[in-house]
Amino acid sequence: MSQQTISQRKLLGVAGLGWMFDAMDVGMLSFIIAALQKDWNLSAEQMGWIGSVNSIGMAVGALLFGLLADRIGRKNVFIITLLLFSVGSGLSALTTTLAAFLVLRFLIGMGLGGELPVASTLVSESVPARERGKVVVLLESFWAFGWLLSAFISYFIIPTYGWQMALLLATIPALYALYLRWGLPDSPRFTSAHKEKTVWDNIVKVWSSSYRKETFMLWVLWFCVVFSYYGMFLWLPSVMVMKGFSLIKSFEYVLIMTLAQLPGYFSAAWLVERAGRKFVLITYLIGTAASAYFFGNADSLALLMASGILLSFFNLGAWGALYAYTPELYPTSIRGTGAGMAAAFGRIGGVLGPLFVGYFVGNGLTVTTIFAIFCVSIFVGVIAVWALGKETKQRELA
């Protein structure tokens, strides 16, 4: 085995572990919110704010750390975001008030939001063109393992040892971040690339005539994908209860859904280098929309489970392709800025999606209608990729 393959695997493992811990935290949040509601007697509105503050933090983090990645390097930002996330998680285990918890959730969100686009940028710049898409989609697959870990911790730790212990377990990445400082080289492309003079120059270049079409397409795509993902997936257990399927415990359901994510990622990783980024994005997003439609209309347990599994399979495969595609549309000097700004705009959708569902449910809209709205949102993303996207399969990065 060549040295390059070993270092590539190590890079994937190091970046992937960070991704896994991030997913573990996001996955545990819904269980922690439920535990906090009992401990602190929270209202539905206060519970909603915990999720929203997390998403707002992710939007700010994606923008801020995307800009920083083009100034101080991918590796440095990768370490800073992990430390911010880790310290925030540890401190939030010690809080006794909602206000302090919300402030820390915002900081944790900043770390999460900043790390994801920067990690995919670092990996895509460090891998040969022929394997770049596959490796970035495999990096995204660590998200599913993090969700599995969160379901495991939430089931076995929170009921017995409390939500504080679960959050302390999420601080493990702090030790890992220190290891990163010694073990990971920065992107070779970044260290040798021409740098723009100021952060503002980076932002202007992202929206210049050379990249305007790509930027507009990515912002629409990210918004539609994040809006529909958080709108649908954060409400899935509640939607099942609304449909009268209380026999399925949310833990078991989350576990089945999460297992379906893995073949979604792996099939997308295989296809992305053969059929291309546009093909995978368009196909898997159409699959997501169709699954969402059938899930919204399901009136039997068999159809609900089948469409729910397919929804998970296609949606997370599309996420993998999105993370592979985004950094490839910009040159090295503005790659962090371009990817971070697109992710930040998308995270606004992550704030609005769950809020819209709550508003629609409160105003008496049916589950069928709500999921139809998400179908339309996903198809807008499909049209954007089809009409404005360019294929980047196996193309050398600028």
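Residues numbered from 1 in each chain as written. Predicted model: local features only at pLDDT ≥ 70, side-chain atom pairs only at ≥ 80, totals over all residues. Heavy atoms only, no water.

S.K.: What should I look at first to understand the packing of helix α4 (residues 98-126) against helix α5 (residues 132-156) in this one?
M.R.: Helix packing for two helices is described by the angle between their axes and how far apart those axes are. Between α4 and α5, the shortest axis-to-axis distance is 9 Å and the interhelical angle comes to 145 degrees. Once α4 is placed against α5, the crossing between them reads as right-handed. Listed contacts from α5 to Leu-116, Ala-119, Ser-120, Val-123 and Ser-124 of α4 are Arg-132, Val-135, Val-136, Leu-139 and Trp-143. Across the contact of α4 with α5, the residue classes tally to seven nonpolar, two polar and one charged. (Axes fitted to C-alpha atoms, helices over the stretch in contact; angles between N-to-C directions. Helix = DSSP H or I, 4+ residues; strand = E, 2+ residues; numbered from the N terminus. Left-handed = near helix turned anticlockwise from the far one by under 90°. Contact = heavy atoms within 4.5 Å. Nonpolar A, V, L, I, M, F, W, Y, C, P; charged D, E, K, R; others polar.)

S.K.: Would you mind showing me how to read the environment of Ser-377 here?
M.R.: In this structure, Ser-377 sits in helix α17 (residues 367-388). Sequence separation of Ser-377 and Leu-168 is 209 residues, and the distance between their C-alpha atoms is 37 Å. Apart from residues no more than four positions distant in its own chain, Ser-377 is found in contact with Cys-224, Phe-227 and Ser-228.

S.K.: How do you make sense of the confidence of the model for the protein when you look at a structure like this?
M.R.: Any region with low pLDDT has predicted coordinates that should not be read closely. Scored by pLDDT, the protein has a mean of 85; 93% of the residues are at 70 or more. Mean pLDDT values over the elements of the protein span from 67, in helix α12 (residues 236-242), up to 93, in helix α14 (residues 277-297). Across residues 1-6, confidence stays below pLDDT 50; counting only partners more than four residues off in sequence or on other chains, it has three contacts. (pLDDT = per-residue confidence, 0-100.)

S.K.: What is the right way to read the nonpolar core from this model?
M.R.: Across soluble globular proteins, nonpolar side chains show a tendency to be buried alongside one another. Among the nonpolar cores identified, the biggest contains 118 residues, and Phe-78, Trp-143, Trp-222 and Trp-319 are the most heavily contacted of them. Here this core takes 17 residues from helix α1 (residues 3-40), the largest share from any one element. Counting residues domain by domain, this core receives three or more from each of domain 1 (7-185) and domain 2 (201-393). Of all hydrophobic cores here, the second largest spans five residues; its members include Phe-65, Ala-69, Met-110 and Val-118. (Core = buried A, V, L, I, M, F, W, Y, C linked by side-chain atoms within 4.5 Å. Buried < 20%, exposed > 50% of the residue type's maximum accessible area, 1.4 Å probe, protein only. Domains from an automatic or database assignment.)

S.K.: What am I meant to see in the environment of Trp-163 here?
M.R.: Structurally, Trp-163 is set in helix α7 (residues 163-169). Owing to a relative accessible area of 2%, Trp-163 belongs among the buried residues under this scheme. Once you skip the residues sitting within four places of it in the chain, Trp-163 turns out to touch Ile-32, Ala-35, Leu-36, Asp-39, Trp-40, Ser-92, Ala-93, Thr-95, Phe-101 and Ile-158.

S.K.: I would appreciate a short explanation of the side chain of Glu-125 in the present structure.
M.R.: If you trace the backbone, Glu-125 turns up in helix α4. A polar contact is formed between the side chain of Glu-125 and the side chain of Arg-74, at a distance of 2.7 Å. Here the side chain of Glu-125 touches Arg-335 through a polar contact of 2.6 Å, side chain to side chain. (Polar contact = N/O pair within 3.5 Å; in protein donor to acceptor, adjacent residues only side chain to side chain.)

S.K.: Even after reading the chapter, I still don't get the domain arrangement of the protein, so can you show me in this structure?
M.R.: How big an interface is tends to be stated in terms of accessible area lost as the parts join. Taken as a whole, the protein is organised into domain 1 (7-185) and domain 2 (201-393). When each unit is reduced to the centre of its C-alpha atoms, the spacing between domain 1 and domain 2 is 19 Å. Taken together, the contact between domain 1 and domain 2 spans 39 residues of the former and 42 residues of the latter. Interface of domain 1 and domain 2: buried area, both sides summed, is about 3400 Å²; carbon and sulfur atoms make up 71% of it. Taken together, the links from domain 1 to domain 2 amount to two salt bridges. Across the pair Arg-132 and Glu-328 runs a salt bridge whose closest N-O atoms are separated by 2.7 Å. (Buried area = accessible area lost by both parts, 1.4 Å probe. Salt bridge = Lys/Arg side-chain N within 4 Å of Asp/Glu carboxyl O.)

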